[in-house]
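Structural overview for review
This is what each chain is made of:
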Amino acid sequence: MRSSVNSLISDELLVPALGESLTRSGKTLVTAESCTGGWIAKLVTDLPGSSQWFERGFVTYSNAAKVEMLGVNPATIAAHGAVSEATVSEMALGALTHSRGDFSVAVSGVAGPGGGSAEKPVGTVWIAWASDGQVSARQYLFTGERDEIRYAAVLEALRGVLERVSAGF
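In this text, all values refer to a predicted model and were calculated from it rather than measured experimentally.

Comments concerning the packing of aromatic side chains
Counted by the stated rule, this structure contains two aromatic pairs. Each ring, one from W39 and one from Y151, has its centre 5.5 Å from the other, and the planes form 40°; the classification is tilted. Of this pair, W39 sits in helix α2 (residues 39–45) while Y151 sits in helix α6 (residues 146–167); the two residues are 112 residues apart in sequence, bridging distant segments of the chain. The pair formed by W39 and Y151 is uniform in burial state, with each residue classed as buried.

Structure, rendered in structure tokens:
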């Protein structure tokens, strides 16, 4: 959960800043979420007027959903796993392909408390951002309980979108 006032302030300022940036650029956002379960889309749509810049969100928790809704190649998941740079990159690109969005963000991770491994411990999260056929991805290792890990991923995903929209990614 939100463990501090700073966390609460972060999303209260971050989402309006993102909305302003997208509105100024005339661009829209689409999300592809696995471990965050739609939390990014929820925060975005909590803001009145977000329909001007939020195009849609995909919640693709299962591997089958990633394949069916976003076009992730099953061979990618088989070779790298759902929590990987390759998979999350395909999710981000697939979100753009299957929507009318200009920017996408995709998240896949191990939120816990179980499901971790030596290679991908609980808290491992991959986030990818895409626009105009370009994609960048980054791995994070968050600590805390399940909701803390998920919330940290949501904030990093949104921060990454804001940075990229502001930079014209």
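Observations concerning the pattern of salt bridges
Within this structure, the stated rule accounts for four salt bridges. For R150, the salt bridge identified is with D147, shortest N-O distance 3.3 Å. Here R150 pairs with D147, and both are found in helix α6, just three residues apart, close to one helical turn. Residue classification places R150 among the buried positions, given a relative accessible area of 15%.

A closer look at the confidence of the model for the protein chain
When pLDDT is averaged along the protein chain, the result is 93; 94% of the residues meet or exceed 70. Per-residue pLDDT stays below 50 along residues 1–9; that stretch engages in 10 contacts with residues further than four places along the chain or on separate chains.

Overview of the nonpolar core
Core analysis: the biggest nonpolar cluster contains 32 residues, and L18, L29 and L158 have the highest contact counts within it. Looking at this core, the elements with two or more residues in it are α1 (5–25), α2, β3 (103–109), β4 (124–131) and α6. Residue contributions to this core peak at 10 residues, all from α6. The contacts of L18, once residues within four sequence positions are left out, are L29, W53, L158, V161, L162 and V165.

Reading the values: rules and limits
Residues numbered from 1 in each chain as written. Predicted model: local features only at pLDDT ≥ 70, side-chain atom pairs only at ≥ 80, totals over all residues. Heavy atoms only, no water. Phe/Tyr/Trp six-rings, centres within 6.5 Å; stacked < 30°, edge-to-face > 60°. Helix = DSSP H or I, 4+ residues; strand = E, 2+ residues; numbered from the N terminus. Buried < 20%, exposed > 50% of the residue type's maximum accessible area, 1.4 Å probe, protein only. Salt bridge = Lys/Arg side-chain N within 4 Å of Asp/Glu carboxyl O. pLDDT = per-residue confidence, 0-100. Contact = heavy atoms within 4.5 Å. Core = buried A, V, L, I, M, F, W, Y, C linked by side-chain atoms within 4.5 Å.

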